[in-house]
Amino acid sequence: QVQLVESGGGLVQAVGSLRLSCAASGRTFSSYAMGWFRQAPGKEREFVAAISRSGGSTSYADSVKGRFTISRDNAKNTVPLQMNSLKPEDTAVYYCAAKYTLYSGTDYTSMKAYDYWGQGTQVTVSS
């Protein structure tokens, strides 16, 4: 089992940057593919970015491609999400998720694939 805690959210002006982090508990962090999702008020939760166990494979939603970067540090059990050129439409609660998998090179973009979720961190982008 793994527990996830997000941090780094806040209020930022448009075109600014934020760096979110997801800290995972447990000794088997490298056995989990990781993902970031977000949910804006009145909307469904949506995929943002994902990374494989090894970190060698990543995927991004079209809306954030070229602006957001997901990475992982298996020694520190963390998954940062660097967000640049932020837009008001990026305003949402951002959630970290973990999926246990035997496949080191696969990332997962579907919410249904994930086993564990954090509580979320609010990101607000003002225009």
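Residues numbered from 1 in each chain as written. Predicted model: local features only at pLDDT ≥ 70, side-chain atom pairs only at ≥ 80, totals over all residues. Heavy atoms only, no water.

Caption draft 1: Representation of the pattern of salt bridges within the structure. According to the stated counting rule, one finds 4 salt bridges in the structure shown. Across the pair Glu46 and Arg38 runs a salt bridge, and its minimum N-O distance is 2.7 Å. We classify Glu46 as partly exposed; its relative accessible area is 37%. In the salt-bridge network here, residues are joined through shared partners; they are Arg38, Glu46, Arg67 and Asp90. (Salt bridge = Lys/Arg side-chain N within 4 Å of Asp/Glu carboxyl O. Buried < 20%, exposed > 50% of the residue type's maximum accessible area, 1.4 Å probe, protein only.)

Caption draft 2: Fine view of the packing of aromatic side chains. One pass over the full model with this rule turns up 6 aromatic pairs. When the centroid spacing of 5.7 Å and the interplanar angle of 70 degrees are considered together, the rings of Phe37 and Phe47 count as edge-to-face. Of this pair, Phe37 sits in strand 4 (residues 32-39) while Phe47 sits in strand 5 (residues 46-51); the two residues are 10 residues apart in sequence, bridging distant segments of the chain. With a relative accessible area of 15%, Phe47 lands in the buried category. Between Phe37 and Tyr114, the aromatic rings sit 5.3 Å apart at their centres with planes inclined by 80 degrees, giving edge-to-face as the arrangement. Placement of Phe37 in strand 4 and of Tyr114 in the loop between strand 9 (92-100) and strand 10 (116-117) is noted, with a sequence separation of 77 residues between them. Accessibility expressed as a relative area gives 1% for Phe37, which makes it buried. Its relative accessible area of 6% is what places Tyr114 among the buried residues. Among the aromatic residues, ring-to-ring pairing joins Phe37, Phe47, Tyr114 and Trp117 into one connected group. Lying over the aromatic face of Tyr95, Arg45 brings its terminal NZ or CZ to 3.7 Å of the ring centre. Over the aromatic face of Trp117 sits the side chain of Arg45, whose NZ or CZ is 5.0 Å from the ring centroid. (Phe/Tyr/Trp six-rings, centres within 6.5 Å; stacked < 30°, edge-to-face > 60°. Helix = DSSP H or I, 4+ residues; strand = E, 2+ residues; numbered from the N terminus. Lys NZ or Arg CZ within 6 Å of the ring centre and 35° of its normal.)

Caption draft 3: The arrangement of the sheet that holds strand 1 (residues 4-7) in detail. If you trace the 4 strands from one edge of the open sheet to the other, you get 1-3-8-7, paired in antiparallel fashion. In this open sheet, the two edge strands, each paired with only one partner strand, are strand 1 and strand 7 (68-70). Adjacent strand axes in the sheet meet at a mean angle of 15 degrees when their direction is disregarded. Pairing between strand 1 and strand 3 (residues 18-24): 4 bridges, direction antiparallel. Bridge pairing in strand 3 links Glu6 to Cys22. (Pairing = 2+ DSSP bridges. Axes fitted to C-alpha atoms, helices over the stretch in contact; angles between N-to-C directions.)

Caption draft 4: Examining the side chain of Thr101 more closely. Tracing the chain through its elements places Thr101 in the loop between strand 9 and strand 10. Setting aside residues up to four positions removed in sequence, Thr101 forms contacts with Ser31, Ala33, Arg53 and Tyr108. (Contact = heavy atoms within 4.5 Å.)

Caption draft 5: Spotlight on the environment of Gln3. Its location among the elements puts Gln3 in the segment before strand 1. Along the sequence, Gln3 and Gln119 sit 116 residues apart, while their C-alpha atoms lie 9.9 Å from each other.

None of this, on its own, says anything about what the molecule does.
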